[in-house]
Amino acid sequence: MLWLLVGLCGLALVNLSAALPQAPRISQKPRFYGVKASRSLVIYCVCQLEPPLQVDWFRATEWNQKAEGPLKPDDKAVMQGKTERKPAFLLLKNVSPSDSGFYYCQVNGTRGAGTGLQVMRHINVHKVQQRSKVKDALIILQTLMLAICVVAPLLRRYTLAKKEEAIYEEPPKEHIYEGLMVEMCEGALYEDLSTYAKPSEAQALWSS
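None of the values given here were measured: they were computed from a predicted structure. (Residues numbered from 1 in each chain as written. Predicted model: local features only at pLDDT ≥ 70, side-chain atom pairs only at ≥ 80, totals over all residues. Heavy atoms only, no water.)

(A) Focus on the sheet that holds strand 6 (residues 88-92). Across the sheet, 4 strands lie side by side as 1-3-6-5; this open sheet has antiparallel pairing. Because the sheet does not close on itself, it has two edges, and the strands there are strand 1 (26-29) and strand 5 (77-80). On average, adjacent strands in this sheet sit at an angle of 15° to one another, irrespective of strand direction. In this sheet, strand 6 lies alongside strand 5 in antiparallel orientation, the contact comprising 4 bridges. Opposite Ala77, over in strand 6, you have Leu92 as the bridge partner. (Pairing = 2+ DSSP bridges. Helix = DSSP H or I, 4+ residues; strand = E, 2+ residues; numbered from the N terminus. Axes fitted to C-alpha atoms, helices over the stretch in contact; angles between N-to-C directions.)

Have a look at this one:
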């Protein structure tokens, strides 16, 4: 008798839980997108409940931040509810880096786990290499100009110092006796000046 009562209570609990509304199980696919700019992408919102359902989309710039929304359809965003064959989805067209963030679908008031979107700018490799070469050339030119600015004053100072030394340098003294002939006579050294003296003075010199 006791086991019969336990069985009846269990059956009543099962029926009661089935009658209560259950929160929908929502999953989003994919969980992360990494795309280049100007691309289009689709985020799916998968739910086990049957339509009609109220599906809304929200966007947050950072994880665990308050989401903005619900989003409204426009030229870049197309939203489609769940049908018998297809799940609900969000179509984003021509995305840009400003569209990066986290997108959440909400079904009957229950929000999904979210999908992260990271939009990267389109990189032109040729332009990047060209800019890099221009920057390298500018760095080399700046280095040369700096070296010239440092060396030019030093070189000018060195040149001026050399000119001042040349101005104040005294010429060497040379003891040259032109027209004098030094001779040795009987062991004595004398200077023969008679050749350059007047005849009278030379005669007086020899007579003495």
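(B) Molecular detail of the nonpolar core. Counting 19 residues, the largest nonpolar core has Leu41, Cys45, Trp57, Leu92 and Leu117 as its most contacted members. Residue assignment for this core shows that the elements contributing at least two residues are strand 3 (41-47), strand 4 (55-60), strand 6, strand 7 (101-107) and strand 9 (115-120). Here this core takes 4 residues from strand 3, the largest share from any one element. (Core = buried A, V, L, I, M, F, W, Y, C linked by side-chain atoms within 4.5 Å. Buried < 20%, exposed > 50% of the residue type's maximum accessible area, 1.4 Å probe, protein only.)

(C) Structural detail: the packing of aromatic side chains. Evaluation of the coordinates by the stated rule reveals 3 aromatic pairs. For the pair Trp63 and Tyr104, a centre-to-centre distance of 6.5 Å together with 40° between the ring planes defines the contact as tilted. Highlighted residues: Trp63 in the loop between strand 4 and strand 5 and Tyr104 in strand 7, separated in sequence by 41 residues. An aromatic cluster of at least three residues, connected via ring pairs, comprises Trp63, Phe102 and Tyr104. It is Arg111 that lies over the ring of Phe58; its NZ or CZ is 4.8 Å from the centre. Taking NZ or CZ as reference, Arg111 lies 5.7 Å from the ring centre of Tyr104, over its face. (Phe/Tyr/Trp six-rings, centres within 6.5 Å; stacked < 30°, edge-to-face > 60°. Lys NZ or Arg CZ within 6 Å of the ring centre and 35° of its normal.)

(D) Main features of unusual backbone geometry. The step from Lys29 to Pro30 runs through a cis peptide bond, and the omega angle for that step is -10°. Within the secondary structure, Pro30 is located in the loop between strand 1 and strand 2 (32-36). Residue Gly69 is joined to Pro70 through a cis peptide bond whose omega torsion reads 5°. With respect to the secondary-structure elements, Pro70 resides in the loop between strand 4 and strand 5. The phi torsion at Ser38 lies on the positive side, around 70°, for a residue other than glycine. Assignment of secondary structure puts Ser38 in the loop between strand 2 and strand 3. One non-glycine residue with positive phi stands out, namely Asn108, at about 50°. Checked against the element boundaries, Asn108 lands in the loop between strand 7 and strand 8 (110-111). A relative accessible area of 43% means that Asn108 is categorised as partly exposed.

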